[in-house]
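# Residue-level structure breakdown
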Amino acid sequence: MNTENATAKRLLLFWLALVFFGVILLSIYWLNNGGDHSTSAPTAQSHAGPPPASHIRIAAQGQPPLNFERINGDWMMTTPIPAHANQARIRLLLNLRRQIASDATPEQITGNHADDIVITIDDQTWRLGAMTEDRQYRHISHNGKAYMVNNPWYGDSEIKPVDYLDPRLLPLGARITRLELPDLVLGKKPNGAWRADPPQQVSTGALAALVTNWQLAYASALSYEAHEVGGLPIVTVHYLSSAGQKHESIFYILKRAPRLRLYSPATRLSYLFPEDIAAGLLDLQRLNAEGEDALEPRIQ
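Chains are numbered independently. Their residues run from 1 in the order of the written sequence. The model is predicted, so local features are restricted to residues of pLDDT at least 70 and side-chain atom pairs to those at 80 or more, both for listing and for counting; the totals for chains, interfaces and linings are taken over all residues. Only hydrogens and water are set aside; all other atoms, that is, all heavy atoms of the structure, feed into the side-chain values.

Attention now moves to unusual backbone geometry. With an omega of 0°, the peptide bond between Asp 197 and Pro 198 qualifies as cis. Inspection of the secondary structure puts Pro 198 in the loop between β11 (194-197) and α5 (204-216). A positive phi angle is found at Asp 122, which is not glycine, with a value near 55°. Its identity is not glycine, yet Asn 143 carries a phi of approximately 55°, on the positive side. Helix and strand assignments follow DSSP, with helices taken as H or I runs no shorter than four residues and strands as E runs no shorter than two, numbered in order from the N terminus.

Angle between the axes and distance between the axes are the two parameters that describe a pair of packed helices. Close contact between α5 and helix α6 (residues 275-282) brings their axes to 7 Å; oriented N to C, the two are set at 125°. As far as their axial angle goes, α6 and α5 are oblique. The segment α5 lies against α6, with Leu 210, Asn 213 and Trp 214 engaging Gly 280, Leu 281 and Leu 282. Only Asp, Glu, Lys and Arg are considered charged in this grouping, and only Ala, Val, Leu, Ile, Met, Phe, Trp, Tyr, Cys and Pro are considered nonpolar; every other residue, Gly among them, is considered polar. A breakdown of the residues in the contact of α5 with α6 according to their chemical character gives 4 nonpolar, 2 polar and no charged. Axes, fitted as lines to C-alpha atoms, cover a helix only where it is in contact. Angles between the N-to-C directions of the axes lie from 0 to 180 degrees. Oblique is the label for every angle not falling under 35 degrees (roughly parallel), over 145 degrees (roughly antiparallel), or within 65 to 115 degrees (roughly perpendicular). Only heavy atoms enter the contact rule, under which two residues are in contact if any of them lie within 4.5 Å.

Another aspect to go through is the sheet that holds strand β7 (residues 137-142). Taking strand neighbours across the sheet as the criterion, the 8 strands line up as β4-β3-β2-β1-β5-β6-β7-β8 in an open arrangement whose pairing is antiparallel. Of all strands in the sheet, those with a lone pairing partner are β4 (83-84) and β8 (145-150), marking the two edges. Each pair of strands is called paired provided DSSP finds at least two bridges between the two strands.

So, about the pairing of strand β14 (residues 246-255). Both strand β13 (residues 234-240) and β14 contribute to a ladder of 7 bridges, which runs antiparallel. Bridge assignment links His 238 to a residue of β14, and that residue is Glu 248. The hairpin turn running from β13 into β14, its antiparallel successor, is 5 residues long, and Gly 244 in that turn takes a positive phi close to 90°. Pairing of β14 with strand β15 (residues 260-264) involves 3 bridges; the strand directions are antiparallel. Within β15, the residue paired with Lys 255 across the bridge is Arg 261.

Each aromatic pair joins two rings of Phe, Tyr and Trp (for Trp, the six-membered one) with centres within 6.5 Å, and gets the label stacked for planes under 30 degrees apart, edge-to-face for over 60, and tilted for any other angle. Using the criterion set out here, one finds 3 aromatic pairs in the structure. An angle of 55° between the planes, with centres 6.0 Å apart, marks the rings of Phe 68 and Tyr 164 as tilted. With Phe 68 in strand β2 (residues 66-71) and Tyr 164 in the loop between β8 and β9 (175-181), this residue pair connects regions lying 96 residues apart in the sequence. For the pair Phe 68 and Tyr 164, a shared accessibility class is recorded, and that class is buried. Aromatic side chains Phe 251 and Tyr 271 sit 6.0 Å apart centroid to centroid with 85° between the ring planes, which places their arrangement in the edge-to-face category. Here Tyr 271 lies in strand β16 (residues 269-273) and Phe 251 lies in strand β14, a separation of 20 residues in the sequence. Owing to a relative accessible area of 2%, Phe 251 belongs among the buried residues under this scheme. Three or more aromatic residues joined by ring pairs form one cluster here, namely Trp 214, Phe 251 and Tyr 271. Buried residues are those whose accessible area, probed at 1.4 Å on protein chains only, stays under 20% of the maximum for their type, while exposed residues exceed 50% and partly exposed ones sit between those limits.

The sheet built from 8 strands is open, its strands ordered β11-β10-β9-β13-β14-β15-β16-β12 with antiparallel pairing. Unpaired on one side and paired on the other, β11 and β12 (221-224) mark the two borders of the sheet. Neighbour to neighbour, the strand axes of the sheet diverge by 25° on average, direction disregarded. Where strand β10 (residues 184-188) meets β11, 4 bridges bridge the pair, whose relative direction is antiparallel. Residue Lys 188 lies in a different strand from β11, and its bridge partner there is Trp 194. Running at roughly 105° to β9, α5 makes contact with β9, β10, β11, β13, β14 and β15 of the sheet.

Every case where a carboxyl oxygen of Asp or Glu lies within 4 Å of a side-chain nitrogen of Lys or Arg is listed as a salt bridge. Taken as a whole, this structure holds 3 salt bridges when the rule is applied. Taking the shortest distance from any N to any O, the salt bridge between Arg 261 and Glu 225 comes out at 3.7 Å. Here Glu 225 lies in the loop between β12 and β13 and Arg 261 lies in strand β15, a separation of 36 residues in the sequence. We classify Glu 225 as partly exposed; its relative accessible area is 40%.

This is the structure in structure tokens:
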């Protein structure tokens, strides 16, 4: 009888232990899963950035304002030069919306906050004042308060439209289908390889490198002014956009040396390239002589 009682006690203690550990495990599971649901949404919301902007305006005293608009996912300058905007520079400006934290302590407004540069992003406005001595930070005023932020501007007060234009010859993602140079035309064979007309004693790699250089090249500098183009050599680039649409860009060769200068009559923009980039765009024989090295694209 005593043996049966002892066995019953052990079974009871065993089941009590199982219930105890079961309660512990359920509590841990609830804390790791169910308890987090109430805080996950606010946490995600607190890290959410501002909504996508659609318009940007930059104005400086005595200078024409720059206006930008987001069109089909890309930023375009609408005035004073209708052309693709420099996406990297636009992103720097958009960072203004993130640099003033909700708990930031505003500074006392001083004479450093001149209204010489005004940046408007949709319905919000920032007035840029003086930079610090190391030019890393800048005084700005926003919603009637003054702050110090990382400098989103590279100059003091002058705004140059060309500094905010895309220096690429072709839009990002463009795929050339035909390249017409002054003395050479590159088209595709049925198998997809490039062929030259008139035929050239060069490798297929050199032909592909020439096309790639045009497809990826962007200028070291831009300028904006109209040029007379009568009698100048022409380059015509046929390409597909990233969306698969057919396009054609025409460039006139204003100058070959000491720097190549290409001119687009559609935008009145001139693109300047150093000598080594110019060779990669116009000198097929040099690319052929470079062999495998020519396959490394020249972009700037």
